[in-house]
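Examining the three-dimensional arrangement
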Amino acid sequence: MPTSHRTPGSPIHDLASHLRRLPPSCGPVRLIGVDGHAGSGKTTFAGQLAAALGGAPVLHLDDIATHEELFAWTERLLRQVVEPLRRGETARYTPYDWIARGFGPAHELPPAPVILLEGVGAGRRAVRPFLARLLWMELPHDEAWARGQRRDGEAQSEFWAGWVRAERQHFTKDPSRPFADLLVRQCSEGYEVLPGPVATPEPDHFITHGDGPSAVC
């Protein structure tokens, strides 16, 4: 039965507790995908969830993608990150610098108990087998893109035009939302977490929701 949470931030802490109890999915790691349209609030949510997890590492897919490979980064992610973590080893990846248009020094990513993989395409077909859970930021693409463009300003309008076309093509060929375990919606204060399209009942399964306009999710 749905339960209402009125303490600010409690849904994220409930979610963090739930994720900690999952079996590992990628070697010793519980790899959690946070996907959604550009501008849907993935980075902010992942940061808050990481804090609730006690400082869990967050790998941003913006560090894996490039101008030329907005979505053609699967092999690099698997080789630099997923395969080492599967072996229980420290992953080493080279973050892309979007200003200098080149890869920077290697970063290390030890196999922590929980690692968040955040970015558009985190739930793609090739990555899903290694995810303990896939979370989808539930915001329609038109609202998300409009918010992202307001955030980045007019100077990035040309980039956004190309991005929107590329994202449409990506999700047409390789959708993530139909495979999400949980849907995350941003409220006026906090978040609401709902079962996703592939969710299955679990003994400790939780649903958070508000009871009205003034409820804190």
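Look above for the structure.
Keep in mind the model is a prediction, meaning the values are calculated, not measured.

Here we come to the nonpolar core. Ranked by internal contacts, the top residues of the largest apolar core, which has 37 residues, are Leu 31, Leu 59, Leu 77, Val 81, Leu 85, Leu 109 and Leu 117. Of all the secondary structure elements, the ones that give two or more residues to this core are helix H3 (74–86), strand S4 (91–93), strand S8 (114–118), strand S9 (133–137) and helix H5 (157–173). A total of five residues in this core trace back to one element, the largest contributor, which is H5. Discounting residues that sit within four places of it in the chain, Leu 31 has contacts with Ser 25, Cys 26, Ile 115, Leu 117, Phe 130, Leu 131, Ala 132 and Arg 133.

What follows concerns helix H2 (residues 42–52). Given 3.6 residues per turn, any residue in an α-helix points the same way as the ones three and four places further on. Along H2, the positions that sit buried rather than exposed are Lys 42, Phe 45, Ala 46, Leu 49, Ala 50 and Ala 52. In a view along the axis of H2, the buried residues occupy a sector of 155°, so they form one face of it. Directly beyond the C-terminal end of H2, a positive phi value near 80° is found at Gly 54.

Turning to the pairing of S8, a few remarks are in order. The two faces of the sheet receive side chains in turn, since in a regular strand these alternate between them. Of all the five residues making up S8, five are buried; the element is thus mostly covered by neighbouring parts of the structure. Side-chain alternation along S8 places Val 114, Leu 116 and Glu 118 on one buried face and Ile 115 and Leu 117 on a second face that is also buried. By the bridge criterion, five bridges tie strand S2 (residues 30–35) to S8 in an arrangement that is parallel. Opposite Arg 30, over in S8, you have Val 114 as the bridge partner. Two elements, strand S3 (residues 58–60) and S8, share three bridges in a ladder whose sense is parallel. Bridge assignment links Val 58 to a residue of S8, and that residue is Leu 116.

Definitions and limits used
Residues numbered from 1 in each chain as written. Predicted model: local features only at pLDDT ≥ 70, side-chain atom pairs only at ≥ 80, totals over all residues. Heavy atoms only, no water. Core = buried A, V, L, I, M, F, W, Y, C linked by side-chain atoms within 4.5 Å. Buried < 20%, exposed > 50% of the residue type's maximum accessible area, 1.4 Å probe, protein only. Helix = DSSP H or I, 4+ residues; strand = E, 2+ residues; numbered from the N terminus. Contact = heavy atoms within 4.5 Å. Arc of directions from axis to C-beta. Pairing = 2+ DSSP bridges.

No statement about biological role is implied by the geometric values presented.
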